[in-house]
Amino acid sequence: MVDEWKTSLAVLGPGIALGALVAAIWNAANLANRPPGLLPPIVPYRIEWLDPPNGEMAESTANAVNASGAVVGQAELHGQTCAFLSFVDSQRRRVWVNLNDLAAAQGKLDLGQWRLWNARDINDRFEIAGQAQRASDQRFYPYRLRLATRGGKLQEDQSGRPAVDSIALLTDFGPGTATGINDRGHVTGQWYAEQNPARGFLWTSDGTVHHIGPVGRAASICPAAVNASDQITGYAAGPDGYRGVRYTPGASLQDLGGLPQSQGGFCESWGSDIHDSGAVVGKSSAGTRGGSSVYHAFLYTDQMGMVDLGTLGGSNSEATGVNSWFDVVGVADRADGTTAIFLLKVGQTAMAEVVICDGDIPARNAKPASVRINIARQICGTFVNRLGDYWQSRAFLLTPAE
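Residues numbered from 1 in each chain as written. Predicted model: local features only at pLDDT ≥ 70, side-chain atom pairs only at ≥ 80, totals over all residues. Heavy atoms only, no water.

Draft legend 1. Region of interest: the overall build of the chain. For the chain, the helix and strand inventory stands at two helices and 30 strands. The burial tally for the chain puts 53% of its 402 residues in the buried class. Expressed as a percentage of contacts within the chain between residues at least 6 apart in sequence, the contacts between residues at least 24 apart total 50%. Only carbon and sulfur atoms are counted for the fraction: they give 48% of the accessible area of the chain, which is about 17,400 Å². (Helix = DSSP H or I, 4+ residues; strand = E, 2+ residues; numbered from the N terminus. Buried < 20%, exposed > 50% of the residue type's maximum accessible area, 1.4 Å probe, protein only. Contact = heavy atoms within 4.5 Å. Areas by Shrake-Rupley, 256 points an atom, 1.4 Å probe, with all protein chains shown as cover.)

Okay, here's the thing in structure tokens:
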């Protein structure tokens with residue numbers, strides 16, 4: 001089915017697809033003015049918790065999901081932090097693996113020197129980008145891990161575990177982290193330096209590094225995601241606060257501004273994800289409510305600028321992912337102050353609440369975070385739930401129930 005959807009997108013062509021996006025934005029422009037008391041539509045999903053095997057409980061976060069439903073993230077297991085991969089094997093079983101154990105067992109990683117601390121993104125070619133810790137200085141560095149594939153599917157060993165093709169540790173410019181990877185295997189992220197807390201970068205497969213920024217008076221550039229054309233979104237941090245940005249190769253770094261409600265006053269924004277057309281999703285300050293600053297999810301295009309996507313009846317929202325169909329996903333407040341996952345499908349006129357109708361359903365007061373969406377409209381993310389005096393995070397994958 002995924003291959004059929006990709007073919008459909010190719011047949012549509014960029015012009016028709018972008019036209020569909022603009023139409024969706026026109027429909028979405030009224031979302032911020034939802035009448036009080038009007039309940040949002042709902043869309044049913046099934047949940048699958050991405051826990052380690054053998055019933056081991058661990059703190060975990062899911063950061064990205066690819067077209068095949070493979071999820072990457074971070075887990076706290078046996079007192080150690082590790083990057084993990086959850087995928088469906090050739091027997092159609094979902095398998096959870098610690099990427100450190102996987103790479104070390106195949107001779108691709110020396111655990112005495114390095115540990116893969118987090119996996120931040122995965123592309124459709126099963127290449128993973130994240131953050132590794134070096135034992136000699138206890139600092140973190142970007143990495144790209146490539147899993148072996150054949151015909152677009154993972155190669156597995158006799159035990160059903162995926163094979164690691166290679167690991168590239170990006171240490172040339174000092175400590176940092178990788179935050180996104182596109183289907184060309186190009187990685188974005190940030191380097192850290194004492195003189196400049198964060199410098200954005202784009203690393204290409206031939207080893208070339210492009211430095212991103214600066215813009216205005218921003219001291220730091222913090223990329224979040226990269227598309228197929230090497231366009232990058234994220235945010236710039238400076239004395240005037242945070243501003244969403246978009247980087248295009250060969251052009252200057254673009255300040256995306258803020259929503260109209262915040263113009264002339266407190267104005268901040270953050271870019272979270274970027275579509276192959278260059279459209280950006282994220283959150284922006286959106287004025288005040290009850291004397292407090294509020295933030296709303298936005299969708300930005302060159303045709304219409306930044307558009308407010310509204311909320312689920314409450315004060316705040318944030319868009320964190322967009323797929324090839326132009327479906328937007330994120331988190332938003334309900335009218336009662338609790339937080340839910342929202343899905344705005346392309347062409348829809350209302351932000352819908354994702355309702356979990358099957359599986360081990362989380363408590364209503366559990367807070368979703370860091371949600372992303374793939375072409376099959378599967379949604380990964382993290383639920384954070386309060387247990388006594390501390391908060392526990394648990395990674396999940398949602399699959400449409402319809």
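Structure shown, so let's carry the discussion forward.
Draft legend 2. Inspection of unusual backbone geometry at higher detail. One non-glycine residue with positive phi stands out, namely Arg92, at about 65 degrees. Along the polypeptide, Arg92 turns up in the loop between strand S4 (80-88) and strand S5 (94-98). For Arg92, a relative accessible area of 75% corresponds to the exposed category. A positive phi angle, near 60 degrees, is found at Phe126, a position not held by glycine. Tracing the backbone shows Phe126 in the loop between strand S6 (114-122) and strand S7 (127-134).

Draft legend 3. Up close: the sheet that holds S5. An order of S2-S3-S4-S5 is seen for the four strands of this open sheet, with the pairing classed as antiparallel. Looking at which strands have only one partner, the edges of the open sheet turn out to be strand S2 (59-65) and S5. Averaged over all pairs of adjacent strands, the angle between their axes in this sheet comes to 25 degrees, without regard to strand direction. As paired elements, strand S3 (residues 71-77) and S4 share seven bridges and run antiparallel to each other. Note that in S4 the partner of Leu77 across the bridge is Gln80. (Pairing = 2+ DSSP bridges. Axes fitted to C-alpha atoms, helices over the stretch in contact; angles between N-to-C directions.)

Draft legend 4. Region of interest: the pattern of salt bridges. Overall, the coordinates contain 15 salt bridges when judged by the stated rule. The closest approach of N and O atoms between Arg93 and Asp89, which form a salt bridge, is 2.8 Å. A relative accessible area of 5% means that Asp89 is categorised as buried. Between Asp302 and Arg246 there is a salt bridge whose closest N-O contact spans 2.6 Å. Note that Asp302 is positioned in the loop between strand S22 (292-301) and strand S23 (305-308) and Arg246 in strand S18 (residues 241-247), a separation of 56 residues in sequence. (Salt bridge = Lys/Arg side-chain N within 4 Å of Asp/Glu carboxyl O.)

Draft legend 5. Examining the packing of aromatic side chains more closely. This model, assessed by the stated rule, comprises 11 aromatic pairs. Their ring planes at 65 degrees and their centres at 5.8 Å tell us that Trp270 and Tyr295 sit as a pair that is edge-to-face. Taken as a pair, Trp270 in strand S20 (residues 269-274) and Tyr295 in strand S22 lie far apart in primary sequence, 25 residues in all. Accessibility expressed as a relative area gives 16% for Trp270, which makes it buried. Through successive ring pairs, a cluster of aromatic residues spans Tyr235, Tyr242, Trp270 and Tyr295. Taking the ring centre of Trp270 as reference, the NZ or CZ of Lys283 above it sits at 4.9 Å. (Phe/Tyr/Trp six-rings, centres within 6.5 Å; stacked < 30°, edge-to-face > 60°. Lys NZ or Arg CZ within 6 Å of the ring centre and 35° of its normal.)

Draft legend 6. Seen up close, the nonpolar core. Leu85, Leu99, Ile128, Tyr143 and Leu147 are the most contacted members of the largest nonpolar core, which has 25 residues in total. Every element with two or more residues in this core is listed here: S4, helix H2 (99-105), S6, S7, strand S8 (140-147) and strand S11 (164-169). (Core = buried A, V, L, I, M, F, W, Y, C linked by side-chain atoms within 4.5 Å.)

Draft legend 7. Representation of the sheet that holds strand S14 (residues 199-203) within the structure. The strand order across the open sheet formed by four strands is S12-S13-S14-S15, and the pairing between neighbours is antiparallel. Edge positions in the sheet fall to strand S12 (176-181) and strand S15 (209-212), since each of these pairs with one other strand and no more. Shown here is a sheet whose adjacent strand axes are inclined to one another by a mean of 25 degrees, direction ignored.

All quantities given are derived from atomic positions and should not be read as evidence of function.
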